Amino acid sequence: MTDMEPVEIFTVIRERRSVRNYIDREVPETALRTIIAAGIQAPSALGLQPWQFVIVRDRSLMQRVSDYCKPILAEKIGEEARPGTEEFLAALRNPDYNIFYNAPVLVLVLGAREVVSSVLDCALCAENMMLAAWSLGIGSCWIGSAALVEQNPDLLAALKIPADHLVVAPLIFGYPAPLPPKAGRREPRITWVP
């Protein structure tokens, strides 16, 4: 490979997007294992690899998590209302709305509490997972609000989240339904220091 030879990864990076609409098709275990295998190739501080994974296919449990998180999130957004949040707030108040967008699988990327760099390390792992999923034709979305589940001991137990780990990246995966065009990206602000 030469210095500036393009690689397929750049296509995946450009085309990947957050998917919030899925068809009714299960994600095979082999695909999930491949996605996680890509995740654990991420760099981690001191090579500690502080991640652990919980795979949730139980849609009724996912619905319980959604039902728990929605009112908490609606209250937080209501207190800090900003332009652009009105539509999301209305969705949160809709009893039929599911924060997981009816995706067939939720993967919780957990970070060891004792490792100072867990959040950053697991975020890098999560991005690898989302890129790998896209390369397999599988959509994903980081559902940050699902981390509110940490406030509910019963749900933590149902999700089998160990006390010495925190929820860093709640990721949903599934096969995308037809998607609208991807939003454009603004030009980056770059300062060159000679």
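As a starting point, this report considers the structure included with it. As the structure is a computational prediction, the values presented were derived from the model and not from experiment.

1. Considerations on the overall build of the chain
Turning to step 1, where the next piece is worked out: On a plain count of helices and strands, the chain comes out with six helices and four strands.
Turning to step 2, where the next piece is worked out: Reading the chain from its N end, one meets helices and strands in the order α-α-β-α-α-β-α-β-α-β.
Turning to step 3, where the next piece is worked out: For 194 residues, the compact-globule formula gives about 16 Å, and the C-alpha radius of gyration of the chain, at 18 Å, lands near that figure.
Turning to step 4, where the next piece is worked out: Dimensions of the chain, computed from the C-alpha atoms along their principal axes, are close to 55 × 40 × 35 Å.
Turning to step 5, where the next piece is worked out: Counting only residues that meet the buried cut, the chain has 43% of its 194 residues in that class.
Turning to step 6, where the next piece is worked out: Sequence-distant contacts, at least 24 apart, represent 84% of the contacts inside the chain between residues at least 6 apart.
Turning to step 7, where the next piece is worked out: Of the roughly 11800 Å² of accessible surface on the chain, 56% is carried by carbon and sulfur atoms.
Turning to step 8, where the next piece is worked out: Across the chain, the 19 positively charged side chains and the 22 negatively charged ones have centroids separated by 3 Å.

2. So, helix 5 (residues 118-135)
Turning to step 1, where the next piece is worked out: Taking 1.5 Å of rise per residue, the 18 residues of helix 5 would be expected to cover 26 Å, and the 26 Å separating its terminal C-alpha atoms lies within 8% of that figure.
Turning to step 2, where the next piece is worked out: Turning to helix 5, its buried residues number three or more, namely S118, D121, C122, C125, A126, M129, M130, L131, A132, A133 and W134.
Turning to step 3, where the next piece is worked out: In this structure, the buried side of helix 5 is in contact with helix 1 (8-15), helix 2 (29-39), strand 1 (51-56), strand 2 (105-112), strand 3 (139-142) and strand 4 (165-174).
Turning to step 4, where the next piece is worked out: Downstream of helix 5 by one or two residues, G137 has phi in the positive range, about 85°.

3. Considerations on the sheet that holds strand 2
Turning to step 1, where the next piece is worked out: The four strands are arranged 1-2-4-3 in an open sheet whose pairing can be described as antiparallel. Edge positions in the open sheet fall to strand 1 and strand 3, since each of these has one partner strand only. Going from strand to strand, the sheet's axes swing by 25° on average, the running direction of each strand aside.
Turning to step 2, where the next piece is worked out: Bridge count for strand 3 against strand 4 is four bridges, and the pairing is antiparallel. Across the sheet, the residue bridging to C141 is I172, located in strand 4.
Turning to step 3, where the next piece is worked out: Running at roughly 160° to strand 1, helix 2 makes contact with strand 1, strand 2 and strand 4 of the sheet.
Turning to step 4, where the next piece is worked out: Contacts from helix 5 reach strand 1, strand 2, strand 3 and strand 4 within the one sheet, and its direction differs from that of strand 4 by about 10°.

4. A look at the nonpolar core
Turning to step 1, where the next piece is worked out: Within the largest apolar cluster, 36 residues are counted, with the highest numbers of intra-cluster contacts made by I99, F100, L108, L159 and I172.
Turning to step 2, where the next piece is worked out: Looking at this core element by element, the count peaks at eight residues for helix 3 (residues 59-79).
Turning to step 3, where the next piece is worked out: In contact with I99, not counting residues within four places along its chain, are S66, C69, K70, L92, I143, S145 and A146.
Turning to step 4, where the next piece is worked out: In terms of nonpolar packing, the next biggest core, distinct from the first, is built from 23 residues, L32, I36, W51 and A133 among them.

5. Section: the packing of helix 1 against helix 5
Turning to step 1, where the next piece is worked out: Remark: helix 1 packs on helix 5, axes separated minimally by 9 Å, with the N-to-C direction vectors making an angle of 100°. Taken as axis vectors, helix 1 and helix 5 run roughly perpendicular relative to one another. Residues V12, I13 and E15 of helix 1 pack against L131, W134 and S135 of helix 5.
Turning to step 2, where the next piece is worked out: Taken together, the residues of the contact of helix 1 with helix 5 sort by class into four nonpolar, one polar and one charged.

Criteria and cut-off values
- Residues numbered from 1 in each chain as written.
- Predicted model: local features only at pLDDT ≥ 70, side-chain atom pairs only at ≥ 80, totals over all residues.
- Heavy atoms only, no water.
- Helix = DSSP H or I, 4+ residues; strand = E, 2+ residues; numbered from the N terminus.
- Rg over C-alpha atoms; globule rule 2.2 N^0.38 Å.
- Buried < 20%, exposed > 50% of the residue type's maximum accessible area, 1.4 Å probe, protein only.
- Contact = heavy atoms within 4.5 Å.
- Areas by Shrake-Rupley, 256 points an atom, 1.4 Å probe, with all protein chains shown as cover.
- Lys, Arg positive; Asp, Glu negative; His and termini not counted.
- Charge placed at Lys NZ, Arg CZ, Asp CG, Glu CD.
- Expected span 1.5 Å × (residues − 1).
- Pairing = 2+ DSSP bridges.
- Axes fitted to C-alpha atoms, helices over the stretch in contact; angles between N-to-C directions.
- Core = buried A, V, L, I, M, F, W, Y, C linked by side-chain atoms within 4.5 Å.
- Parallel < 35°, antiparallel > 145°, perpendicular 65-115°, else oblique.
- Nonpolar A, V, L, I, M, F, W, Y, C, P; charged D, E, K, R; others polar.

Keep in mind these numbers describe shape, not what the thing actually does.
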